[in-house]
Amino acid sequence: MRSMTRRDFLENIFNYEKSKDWNYQDETPCVIDFHDESCPPCQALSPVLEKLESEYGASVKFYKVDIRNEEDLAQELGVVNLPTLVFCPLAGRPIVLQGAVSKEKLILTIENELLENDDSRGG
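Here the residue numbering is sequential within each chain, running from 1 through the sequence in written order. With pLDDT at 70 or above as the cut-off, local features in this predicted model cover only qualifying residues; side-chain atom pairs require 80 or more to be listed or tallied, and sums for whole chains, interfaces and linings still use all residues. Side-chain calculation: all heavy atoms of the structure are included, whereas hydrogens and water are not.

Engineer: Honestly, the overall build of the protein in this entry has me stumped. Any pointers?
Structural biologist: A helix here means a DSSP run of H or I that spans at least four residues, while a strand means a run of E at least two residues long, and both kinds are numbered starting from the N terminus. For the protein, the count of helices and strands is four helices and five strands. Taken from the N to the C terminus, the helices and strands of the protein come in the order β-α-β-α-β-α-β-β-α. For a compact globule the rule gives 2.2 Å times the number of residues to the power 0.38, and the radius of gyration it is set against comes from C-alpha atoms. Expected size for 123 residues packed as a compact globule is a radius of gyration near 14 Å; at 14 Å, the protein falls within 12% of this value. The buried label goes to any residue with under 20% of its type's maximum accessible area, the exposed label to any with over 50%, and the partly exposed label to all in between, with areas taken from a 1.4 Å probe on protein chains only. The buried share among the 123 residues of the protein stands at 42%. Here the protein carries 13 positive and 23 negative side-chain charges, and the mean point of each set is 1 Å from the other. Under this rule, positive means Lys or Arg and negative means Asp or Glu; His and the chain ends count for nothing. Every charge is mapped onto a representative atom, which is NZ of Lys, CZ of Arg, CG of Asp or CD of Glu.

Engineer: Explanation requested: the layout of surface pockets in the structure shown.
Structural biologist: To find leftover empty space, one rolls a probe the size of a water molecule over the atoms. For each structure, a 1 Å grid was placed over the protein atoms alone; sets of points admitting a 1.4 Å probe that cannot get out are labelled cavities, open sets with protein on both sides within 12 Å along at least five of seven lines are labelled pockets, and lining residues have an atom within 4 Å of a point. Grid points are joined across faces, edges and corners, and a volume is the space filled by probe spheres set on the points. Put simply, the largest pocket is a space of about 250 Å³. When contributions to the lining of the largest pocket are tallied by element, the ones reaching two or more residues are α1 (6-13), β2 (30-35), β4 (84-88) and β5 (95-98). In terms of residue count, the dominant contributor to the lining of the largest pocket is β4 (three residues).

Engineer: Please explain the sheet that holds β2 as it appears in this structure.
Structural biologist: Sheets are built from strands paired through backbone hydrogen bonds, the pairs being either parallel or antiparallel. Across the sheet, which stays open at both edges, the five strands sit in the order β1-β3-β2-β4-β5 with mixed pairing between neighbours. Of all strands in the sheet, those bounded by a partner on one side alone are β1 (2-3) and β5. Bridge count for β2 against β4 is five bridges, and the pairing is antiparallel. By the bridge assignment for β4, D33 is matched with L85. Those strands touched by α1 are β1, β2, β3 (61-66) and β4, and its axis lies near 160 degrees from that of β2. By the convention used here, residues are in contact when the closest approach between their heavy atoms is within 4.5 Å. Orientation is described by lines fitted to C-alpha atoms, with helices fitted over the stretch in contact, and by angles between N-to-C directions that extend from 0 to 180 degrees. Most of the contacts of helix α4 (residues 103-114) go to β4, to which it runs at about 25 degrees, and overall it touches β2, β3, β4 and β5. Two strands form a pair only when DSSP identifies at least two bridges running between them.

In short, shape yes, function no, at least from these values alone.
See below:
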């Protein structure tokens, strides 16, 4: 999973400094994992997300944001509970899941919210 900084977020996901209306800027949907290395639920979720990246990586980008290093970004986005996962579809608003989420719930969210209307997948 790629690490993401505040600058990366502003340049590639959504520049909230220029616009208040959500406008996803990438051409591939993504999942952003806001985590802290000392958080046990975050540690438990990490291998699950890595597995999902290996399964869906051709259609969905996966990012990690370490809130210790990117405290400003987490604060500006209102991230208070860990882990917090932000699913960014190509159209519409992001979906936020907090806490220890099951692999099944993650798969359903990826399939139904990120890939459901993605014509590039071939159906």
